[in-house]
Amino acid sequence: MDEIDKMTWVLEPEKPTRSATMRRIAIGNNVSINLEVDARHPKMLPECCLLGADHVVTPLRNKLNTNMHLWNPECSVLQNIKEILEIEFPIPANHEKTNFSMECGICYSYRLDSAIPDQVCNDPRCGQPFHQACLYEWLRGLPSCRQSFNIIFGECPYCSKVWPI
């Protein structure tokens, strides 16, 4: 985890400790990967969750699923993730953290109860990030909002694209 902390932009936790096994790492604007390393097996493939708009995350998810067999326990977690996803992570020496710290489009803050925006509009022209709690409250307040079981369908506050949360 030390290599990840030094060589990438860690979005969460805000101040990572050596005992924390989770890291949310910036891949690009409004795109990140959440890694949860098993403390009992730190060299094995961690639980991975890609966060961002579908048009960006889907190709990465496909690469993850296709290349998962390439995981090498002899290499570091960071090196393996880079090879599996076929990407280079933005490094602190070349990028400002503000490039990846996008504020919520509803409450205009980056952190809300220690959570950072984790919902992104799927329209490639929009891509506005939101806190899930803010978006949920926004959509519930719309007269055109529909709910089916625990999924709410409504319009993006910025581009009016219909999407579920």
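Structural data are supplied above this passage.
Parameters and conventions
Residues numbered from 1 in each chain as written. Predicted model: local features only at pLDDT ≥ 70, side-chain atom pairs only at ≥ 80, totals over all residues. Heavy atoms only, no water. Helix = DSSP H or I, 4+ residues; strand = E, 2+ residues; numbered from the N terminus. Buried < 20%, exposed > 50% of the residue type's maximum accessible area, 1.4 Å probe, protein only. Contact = heavy atoms within 4.5 Å. Salt bridge = Lys/Arg side-chain N within 4 Å of Asp/Glu carboxyl O. Pairing = 2+ DSSP bridges. Axes fitted to C-alpha atoms, helices over the stretch in contact; angles between N-to-C directions. Arc of directions from axis to C-beta.

A. Just the environment of Arg140, in detail. Looking at the secondary structure, you find Arg140 in helix α4 (residues 132–140). Residue Arg140 is classed as partly exposed on the basis of its relative accessible area, which comes to 48%. A sequence separation of 123 residues divides Arg140 from Thr17, and the C-alpha atoms of the two residues are 37 Å apart. Ignoring sequence-local partners within four residues, the contact set of Arg140 consists of Cys145, Gln147 and Ile152.

B. Representation of the pattern of salt bridges in the model. Evaluation of the coordinates by the stated rule reveals seven salt bridges. The shortest N-O distance in the salt bridge between Arg24 and Glu12 comes to 3.5 Å. Residue Arg24 is found in strand β2 (residues 22–28), and its partner Glu12 is found in strand β1 (residues 10–12); the two are separated by twelve residues along the sequence. Judged by relative accessible area, which is 7%, Arg24 ranks as buried. Classification of Glu12 as buried rests on a relative accessible area of 17%.

C. Highlighting the sheet that holds β2. Reading across from one edge, β1-β2-β3-β4 is the order of the four strands in this open sheet, with antiparallel pairing throughout. Edge strands, defined here as strands with exactly one partner in the open sheet, are β1 and β4 (47–51). Along the sheet, successive strands turn relative to each other by an average axial angle of 30°, direction set aside. Sheet contacts for helix α2 (residues 54–67): β2, β3 (31–36) and β4; angle to β4, the most-contacted strand, approximately 160°.

D. Focus on the sheet that holds strand β9 (residues 162–164). Spatially, β7-β8-β9 is the arrangement adopted by the three strands of the open sheet, whose pairing is antiparallel. Taken across any chain shown, the strands that pair with only one partner, and hence form the sheet edges, are β7 (146–148) and β9. Averaged over all neighbouring strand pairs, the angle between strand axes comes to 20°, with direction disregarded. Two strands pair when backbone bridges link them, and β7 and strand β8 (residues 151–155) are joined in this way by three bridges, in the antiparallel orientation. Paired with Gln147 across the two strands is Ile152, which belongs to β8.

E. Summary view of α4. Buried within α4 we find Cys134, Leu135 and Leu139. For α4, the buried positions fall inside an angular range of 125° around the axis, keeping them on one side. Where α4 is buried, its residues contact β5 (119–120), β6 (129–130), β8 and β9.

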